[in-house]
Amino acid sequence: MTKRVLVIAAHPDDETYGMGGTIARHVRQGDQVTVMIMTDGVTARHTVTAPQEAAALKACAILGVEDVRFGRLADQRLDALPLLDLIRPISAVINELGAQIVYTHHRGDANQDHRAIFAATLVAIRPTSACPVEQAYSYEVASSTEWGAPFAETAFVPTHFVEITATLEDKLRAAAAYAETHQSEVRPFPHPRSIEATRIYAWQRGVNVGVPAAEAFVSIRQIVKEV
Ligand SMILES: [Zn+2]
């Protein structure tokens, strides 16, 4: 059965590094996938935002996603916004789509924008009878989740693994699209955002659960109506 899926990302490229293989799998099985990117991703460093959006559209097209939304908020400044200013656009898109599955950031990430997105998502998916969300997950992002503060309460402890053996090459091609930005988001190996590291991370999550390649998630909530 077709599912309505929303992927929320703080920055252009988080969706691909975090869960590009899973996005491609949703699309391949006929699900309706929307990617919502909340900030421009670059203005903490420079002002050239257009190539970042172009790269996001190209990467998402490689993954099979046509519905890409841009919040265009300021990069690395979400912690200065009232949380309500993040909750409102996320709630609006959840309701517009009738999103059944929502993917968001991990609350323990090193990046403060990621943490703000997690907090806003948690409010936007509160399980009232009017909320369409049945499943919500946090994904990990290379060079943010593993660089988080080393405390138990911020640890990423995955509970949900999606095999991406069949879509790993699509993920790597999508990640490569981000090399064409004003300042490349793809870094040389051994940076976690190198293409080589992206493959290694997928292999690592795969071998965690006995498959060649996977992406890992923390389940925030799953509402089971039939067992
Ligand atoms: Zn990010």
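Heads up: the structure comes first, above all this text.
Residues numbered from 1 in each chain as written. Predicted model: local features only at pLDDT ≥ 70, side-chain atom pairs only at ≥ 80, totals over all residues.

### Let's talk about the packing of helix α5 (residues 168-177) against helix α6 (residues 195-208)
Now for step 1: Where α5 contacts α6, the two axes come as close as 10 Å, and the packing angle between them is 150°. As judged from the angle between their axes, α5 and α6 are roughly antiparallel. The element α5 and its partner α6 pack so that their crossing is right-handed. Along the contact surface, α5 presents Leu168, Lys171, Leu172, Ala175 and Ala176, while α6 presents Ile195, Thr198, Arg199 and Ala202.
Now for step 2: Grouping the constituent residues of the contact of α5 with α6 by class yields six nonpolar, one polar and two charged. (Axes fitted to C-alpha atoms, helices over the stretch in contact; angles between N-to-C directions. Helix = DSSP H or I, 4+ residues; strand = E, 2+ residues; numbered from the N terminus. Parallel < 35°, antiparallel > 145°, perpendicular 65-115°, else oblique. Left-handed = near helix turned anticlockwise from the far one by under 90°. Contact = placed C-beta atoms within 7 Å. Nonpolar A, V, L, I, M, F, W, Y, C, P; charged D, E, K, R; others polar.)

### Comments concerning the sheet that holds strand β6 (residues 160-163)
Now for step 1: Taken together, seven strands build an open sheet; the order of strands is β3-β2-β1-β4-β5-β7-β6 and the sheet is mixed. Each having just a single partner strand, β3 (67-73) and β6 make up the two edges of the open sheet. Neighbour to neighbour, the strand axes of the sheet diverge by 25° on average, direction disregarded.
Now for step 2: Where β6 and strand β7 (residues 214-222) come together, four bridges link them in antiparallel fashion. Its bridge partner lying in β7, His160 is registered against Phe217. (Pairing = 2+ DSSP bridges.)

### Some thoughts on the environment of Cys60
Now for step 1: Within the secondary structure, Cys60 is located in helix α2 (residues 50-63).
Now for step 2: For Cys60 and His26, which are 34 residues apart along the polypeptide, the C-alpha to C-alpha distance reads 12 Å.

### Focus on α5
Now for step 1: Every buried residue of α5 is listed here: Leu168, Asp170, Lys171, Ala174, Ala175 and Ala177. Seen along its axis, α5 keeps its buried residues to an arc of 165°; they face one direction.
Now for step 2: Of the surrounding secondary structure, the elements contacted by the buried residues of α5 are α1 (14-28), α2 and α6. (Buried ≥ 20, exposed ≤ 12 C-beta atoms within 10 Å, placed from the backbone. Arc of directions from axis to C-beta.)

### Description of the pairing of strand β5 (residues 135-139)
Now for step 1: The buried fraction of β5 amounts to five of the five residues, a majority that puts the element mostly inside the structure.
Now for step 2: The two faces of β5 match: Gln135, Tyr137 and Tyr139 on one face and Ala136 and Ser138 on the other face are all buried.
Now for step 3: Inspection of the sheet shows strand β4 (residues 101-104) paired to β5 by four bridges, in the parallel sense. Considered in β5, the bridge of Thr104 is made with Ser138.
Now for step 4: One crossover worth recording links β4 to the parallel β5 by way of helix α4 (residues 112-124), and it is right-handed.
Now for step 5: Where β5 lies against β7, five bridges are found, and the strand directions are antiparallel. Opposite Ala136, over in β7, you have Arg221 as the bridge partner. (Right-handed = clockwise from strand over helix to strand, strands pointing away.)

### Some points on helix α3 (residues 83-97)
Now for step 1: Compared with the 21 Å implied by 1.5 Å per residue over 15 residues, the 22 Å span of α3 between its first and last C-alpha is a close match.
Now for step 2: Those residues of α3 lying buried are Leu86, Ile90 and Ile94. The arc enclosing the buried residues of α3, seen along the axis, measures out at 60°, which places them on a common side. With respect to the buried face of α3, the exposed residues turned more than 90 degrees away are Leu84, Ala92 and Glu96.
Now for step 3: Looking at the buried positions of α3, the neighbouring elements they touch are β1 (4-9), β2 (32-39), β4 and α4.
Now for step 4: Positive backbone phi, approximately 65°, marks Gly98, located one or two places after α3. (Expected span 1.5 Å × (residues − 1).)

### Observations concerning the packing of α2 against α5
Now for step 1: Two elements in contact, α2 and α5, have axes separated by 8 Å at closest approach and are oriented at 170°. One element, α2, and the other, α5, form an angle in the roughly antiparallel class. Contacts between α2 and α5 involve Ala55, Lys58, Ala59, Ile62 and Leu63 from the first element and Asp170, Arg173, Ala174 and Ala177 from the second.
Now for step 2: Of the residues that constitute the contact of α2 with α5, the class distribution is six nonpolar, no polar and three charged.

### Concerning the environment of Thr198
Now for step 1: Relative to the helices and strands, Thr198 is located in helix α6.
Now for step 2: Along the backbone, Thr198 and Tyr17 are 181 residues apart, and their C-alpha atoms lie at a distance of 7.1 Å.
Now for step 3: Look past the residues within four positions of Thr198 in its chain and what remains in contact with it is Tyr17, Ala142, Lys171, Leu172 and Ala175.

### A short note on unusual backbone geometry
Now for step 1: Geometrically, the link from Phe189 to Pro190 is a cis peptide bond, its omega value of 15° lying close to zero.
Now for step 2: By the secondary structure assignment, Pro190 is in the loop between α5 and α6.
Now for step 3: Phi at Arg72 is positive, roughly 60°, even though this residue is not glycine.
Now for step 4: Given 12 C-beta atoms within 10 Å, Arg72 falls into the exposed group.
Now for step 5: The backbone phi angle of Ser143 is positive, close to 70°, even though this residue is not glycine.
Now for step 6: If you trace the backbone, Ser143 turns up in the loop between β5 and β6.

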